[in-house]
Each structure stands twice: as structure tokens, then as C-alpha cells.
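Each chain, letter by letter, is given below.
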Amino acid sequence: MARLVGGLGSSHVPSIAMALDKGLTDTPDWKPFFDGVAPGRDRVREMRPDVAVVVFNDHGNAFFFDRVPTFAVGCAERYAIADEGWGPRTVPAFDGHAEFGWHLADTLVAESFDPTVLQEIEVDHGLQVPMELFWGRPETMWPVRVVPVFVNVIQHPIPLPSRCHAFGRVLRKAIESFPGDERFVVVGTGGLSHQLQGARAGFVNPDADRAFLRDIARDPGRLAGMSREDYVRVFGSEGAELIMWLVMRGAMDPEVVVRHSHYFVPASMTGVGMLVLENAPLRSNQSI
Ligand code: DHB
Ligand code: FE
């Protein structure tokens with residue numbers, strides 16, 4: 001049976017991709033951020049994952065505002081790099097896992113989630129940036145197969161935080177009912193606090209970001225119980241992307257161990273974070 005070996009969280013700010021593309025990771029502006037990324041990458045290598053389910057949002061590149069699915073599952077064998085206006089970046093395309101994608105879609109529908117099924121779709125910085133932060137840039141092939149899960153966080157109505165958490169529980173069920181012995185990680189992406197538009201453009205909330213990184217591990221019920229309006233108010237309109245980390249957290253056990261946590265502000269106009277979680281080992285008085 002397939003296994004879930006870790007839960008990862010990461011911002012996906014496009015300026016991180018720009019810093020990687022231009023070799024700026026050791027410059028004074030960027031070094032404090034990238035220094036905190038390296039240990040997270042080491043922890044992921046120790047997990048030896050085969051497959052990454054990456055929960056992210058498209059930013060008007062693969063879907064435009066005229067058609068935005070609330071939840072969508074990638075069921076393709078390959079995902080090309082989206083052109084975000086400057087031509088596609090030169091990172092390799094992602095090998096998918098269509099068989100697991102279909103199994104996930106099937107499991108979700110059986111549990112009363114009704115995702116859109118995507119057999120051909122491009123992926124933008126929302127997926128590319130976390131992949132490169134956790135796995136580095138490969139010469140030719142990424143070391144894991146990728147299953148993208150798209151969540152609408154850009155156009156009202158976005159899903160409830162509690163619904164994202166519940167989606168994660170079904171994702172866990174899909175992983176554990178998938179035949180084979182592959183090792184899965186789930187990656188929640190987006191955030192942390194940022195607002196790119198309107199009167200509060202440039203808004204960040206470092207105290208709330210630090211509390212989020214603490215409680216997504218320790219007290220996810222608090223974060224799942226917040227309203228969508230709370231997310232916009234506390235984290236900014238685009239900071240509401242953080243509800244996607246709840247999908248990752250819902251897939252994990254109630255008790256987790258934090259293997260790595262890193263916070264830096266600002267990158268672009270955004271608080272940025274990285275988190276590596278493992279399920280807590282069973283205590284001797286617990287049964288399997
Ligand atoms: C920016 C874009 C994003 O998608 C994001 O999540 C954070 C920041 C930006 O353009 O700065
Ligand atoms: Fe984003």
C-alpha cells in the first residue's frame with residue numbers, strides 16, 4: 001500500500017523563481033531566505049518520497065476568470081511549464097501520475113467532493129517554486145512524480161478553510177488505498193501574508209504568519225475554523241492562499257512532528273515560509 005511520509009508547506013512567490021533564474025540566492029537580500037530553505041530540502045531528501053501531491057492555485061495562466069474550478073485534480077502524465085508573460089522558464093516539465101490522479105478523483109467523488117478532472121494543463125509559479133525549493137533544480141528530470149491539485153483562491157467564492165481541511169482527509173484515504181509501495185508527500189503552497197492590490201497593497205502581518213506556522217502543526221482546528229473573511233483580514237486578500245496548507249494538514253495525522261520551520265519577510269511584498277512535517281511516532285500506549 002502507498003504511504004504518506006510527510007507534509008510540506010511553502011510559499012510560491014514568483015520573485016523566488018526570478019532569484020533562482022538569475023543566480024541571486026547568495027545576495028544580501030536573498031541569502032537569509034535561501035539559508036533557511038537548505039535544511040528543509042535535506043529533511044525532504046531523508047523522507048525519500050516518490051510522488052508529490054502539490055496543492056496550489058493557478059494565477060490566471062492555465063484558467064482565466066471566465067472558468068475557474070473550485071477544486072481540480074491533475075490526471076495527466078506530463079505537465080508543461082506555463083508561459084506567464086515572459087516565455088516559459090527553462091525548468092524541466094513535470095512527470096505526472098495519471099493513475100493516482102484518477103484514483104484521487106474517484107475517491108473524492110465517492111466522498112462527496114466533486115473535482116474537475118484535468119487531462120491536459122500547464123502549471124505556473126504556484127507549483128514550480130515549491131518544487132524547486134524542496135528538490136532543487138534538476139538538469140533533466142524531477143526526482144518525484146507530481147500530482148497537481150488546483151484550489152480556487154483567486155475569485156469569489158473560494159472554498160471554506162474547513163472544507164480544505166476535510167479535502168485533505170480524503171486525500172489521505174486515497175493515498176492509503178492506492179495499490180503499490182510508493183512514498184507520497186503532500187505539499188501545501190501559497191502565502192504567507194500578502195496583499196497585491198487595493199488600498200492595503202503591500203500589507204503583511206508577520207505576527208500572524210508566525211502564529212500560522214506554529215498552529216498549522218499544533219492547532220490546525222483553529223485555522224480550519226476561521227472564516228474566509230478572517231483569512232483576508234488577517235493575512236491579506238492574497239494571503240488567503242494559506243487555506244491550501246490546510247489540505248496538506250488534513251492529510252496528516254492529528255499529531256505531527258515539525259522537522260523544519262522557516263520564516264522570512266519580505267520577499268517581493270510577501271511574508272514567506274517553509275514547513276516540513278512528519279506524522280508523530282505512535283506512543284507505546286497507542287495501538288495501530
Ligand atoms: C506574488 C504573487 C503570488 O502568486 C504570490 O503568492 C505572492 C506574491 C507577487 O507577484 O509578488
Ligand atoms: Fe500566489
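This is a predicted model, so every value here is computed, not measured.

Asker: Now, about the site of ligand 1: what can you tell me, with residues and values included?
Answerer: Around ligand 1, the surrounding shell consists of H12, V13, P14, H59, H125, H194, L196, E241, S268 and T270. One of the side-chain nitrogen or oxygen atoms of H59 is found 2.8 Å away from an oxygen atom of ligand 1. With respect to ligand 1, the side chain of H194 contributes an N or O atom lying 3.0 Å from an oxygen atom. Contact with the protein chains covers 84% of the free accessible surface of ligand 1, which is 290 Å².

Asker: Break down the packing of aromatic side chains for me, citing the residues and quoting the values.
Answerer: Counting across every chain of the model gives 18 aromatic pairs. Measuring from ring centre to ring centre gives 4.7 Å for F94 and W142, while their planes differ by 20°; the resulting arrangement is stacked. Taken as a pair, F94 in strand β5 (residues 94-95) and W142 in the loop between α4 (125-135) and β8 (145-151) lie far apart in primary sequence, 48 residues in all. Relative accessible area serves as the criterion here: at 0%, F94 is assigned to the buried category. You can call W142 buried: its relative accessible area is 6%. Ring geometry for F113 against F167: centres 5.3 Å apart, planes inclined by 75°, an arrangement best described as edge-to-face. One end of the pair, F113, is in the loop between α3 (98-110) and β6 (116-118); the other, F167, is in helix α5 (residues 161-176), with 54 residues separating them in the sequence. F167 shares its class with F113; the two are buried.

About the cut-offs
Residues numbered from 1 in each chain as written. Chains lettered and ligands numbered in written order. Predicted model: local features only at pLDDT ≥ 70, side-chain atom pairs only at ≥ 80, totals over all residues. Heavy atoms only, no water. Near = heavy atom within 4 Å. Polar contact = N/O pair within 3.5 Å; in protein donor to acceptor, adjacent residues only side chain to side chain. Areas by Shrake-Rupley, 256 points an atom, 1.4 Å probe, with all protein chains shown as cover. Phe/Tyr/Trp six-rings, centres within 6.5 Å; stacked < 30°, edge-to-face > 60°. Helix = DSSP H or I, 4+ residues; strand = E, 2+ residues; numbered from the N terminus. Buried < 20%, exposed > 50% of the residue type's maximum accessible area, 1.4 Å probe, protein only.

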